[in-house]
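# Commentary on secondary and tertiary structure
Residues per chain, in single letters:
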Amino acid sequence: MTDGNTNAGLEPEDKYTWTKLNIMTHARATNNQIMLVFDAKPKTQSTLLDSLMTPKRNDEITDPFWIYYRILNDVISIHDESIWVLRDRVRDIERSYPNKGSSDDSMGKGDGERSKPNYRVLHDLARHAIHIAETTSVTVNVIKGIHAAHREYLSSQSAEGLANLRAKSIQKRVRDQLLLYDQLAVGLQSRAEAVKDRLHNEIQLSFNTVTQEDAATTIQISLIAQTDSRVMRMIAYLTLAFLPATFVSAIFSTSFFNYNPEHQKYSVSKMFWVYWVFAALVTVGMFYMFRRWGPSQKRTALTR
């Protein structure tokens, strides 16, 4: 069972303890019972002794099941404390998110910002919630078994005619106490399951919130990319506009062309074919190197 100050916060270093109760009882004869408690801590031992040695209603020891409801009082108290400590932790998480008043705020467009979820803390709390729900369920089953065994005991006493009026009154009192703790345990089980579900809901909210924020960031990146794309298209259009003229001017600026101002005419060198041969070879070579380099990089990436 978790133990600690309910106002300790949500830090990962919060301390907790688990109380383990292994108890065996044996009724040797009327008013004579043996109880063995294994691996109990000093605090647990003291609590159990105080409950068993309480002088009130000592006449109940005639019912061999009296010892159970006194122990159950301490068990229920431990469960109640652990469940409400966890509930306070979950409530702190629920209150750590500011309330959003509009859909724009929920999309991350509002003035306030959610605090970043601590997934390590959420994971640890979920683990404790599962343990608490499990132990509470086991306690409910154990109490129901004790209650059923007590009913069988009462039936056997009635069948044998061994119970007088005073004994029946004591047995009814013990039965009512066992029934009370049975109902309390069922209520705590429902509370433990509710706290676990609330914590699961908060974990899902944290994941959904982060996913929503990532989606909003992705939209912003896509808008920026669209702006960059428009700029790149403008640059491409300008390049296409000036590229033909640049190519033509580069060709005519070579020594293969000769302009004679006196005769107002151009003359072309007979070696102009050399330009086309080298240009074609270089172009084919560049395409070949590109094709060889591309698949090589792909294979390297797959190998990694």
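Residues numbered from 1 in each chain as written. Predicted model: local features only at pLDDT ≥ 70, side-chain atom pairs only at ≥ 80, totals over all residues. Heavy atoms only, no water.

This part takes up the packing of aromatic side chains. Within a pair of aromatic rings, the relevant descriptors are the distance that separates the centres and the angle that separates the planes. Here the structure, examined in full by the defined rule, presents 9 aromatic pairs. Here the aromatic rings of F257 and F272 are separated by 5.3 Å at their centres, their planes lie at 70°, and the arrangement is edge-to-face. Taken together, the residues F257 in strand β3 (residues 257-260) and F272 in helix α6 (residues 272-303) connect sequence positions 15 residues apart. Of the two residues, F257 and F272, both sit in the buried class. (Phe/Tyr/Trp six-rings, centres within 6.5 Å; stacked < 30°, edge-to-face > 60°. Helix = DSSP H or I, 4+ residues; strand = E, 2+ residues; numbered from the N terminus. Buried < 20%, exposed > 50% of the residue type's maximum accessible area, 1.4 Å probe, protein only.)

Chain-level statistics for the protein chain give a pLDDT mean of 79 and a share of 81% at 70 or above. Taking the mean pLDDT of every element in the protein chain, the minimum, 42, falls on helix α3 (residues 103-106) and the maximum, 88, on helix α2 (residues 66-95). Within the model, pLDDT remains below 50 along residues 1-12, and this stretch shows 35 contacts once partners closer than five positions in the same chain are excluded. Low pLDDT (under 50) marks residues 101-112, which in the prediction has 10 contacts with non-local residues, meaning those over four places away or in another chain. (pLDDT = per-residue confidence, 0-100. Contact = heavy atoms within 4.5 Å.)

The next subject is the nonpolar core. The biggest cluster of nonpolar side chains holds 35 residues, and the ones touching the most others in it are L86, V174, L178 and L199. Counting only elements with at least two residues in this core, the list comes to α1 (42-52), α2, α4 (119-160) and α5 (165-252). L178 has contacts with F65, Y68, Y69, L72, I143, I146, H147 and H150, leaving out every residue within four places of it along the chain. (Core = buried A, V, L, I, M, F, W, Y, C linked by side-chain atoms within 4.5 Å.)

Next up on the list: the environment of I83. Looking at the secondary structure, you find I83 in helix α2. As a C-alpha pair, I83 and I132 span 49 residues in sequence and 7.1 Å in three-dimensional space. Residue contacts for I83: discarding those within four places in its chain leaves I132, T136, L188, R191, A192 and V195.

Once that is clear, we can look at the side chain of D182. Along the chain, D182 turns up in helix α5. Excluding residues within four positions of it along the chain, D182 makes contact with I143, K144 and H147.

On the surface, a cluster of nonpolar side chains totalling about 640 Å² of accessible area is made up of F247, V248, F252, Y259, Y266 and W276. Sorting elements by how many residues they give to the nonpolar patch places α5 first, with 3 residues. Mapped onto the secondary structure, Y266 falls in strand β4 (residues 265-268). (Patch = residues over 30% accessible without salt bridge, like charges linked within 9 Å, V, L, I, M, F, W, Y side chains within 5 Å. Areas by Shrake-Rupley, 256 points an atom, 1.4 Å probe, with all protein chains shown as cover. Salt bridge = Lys/Arg side-chain N within 4 Å of Asp/Glu carboxyl O.)

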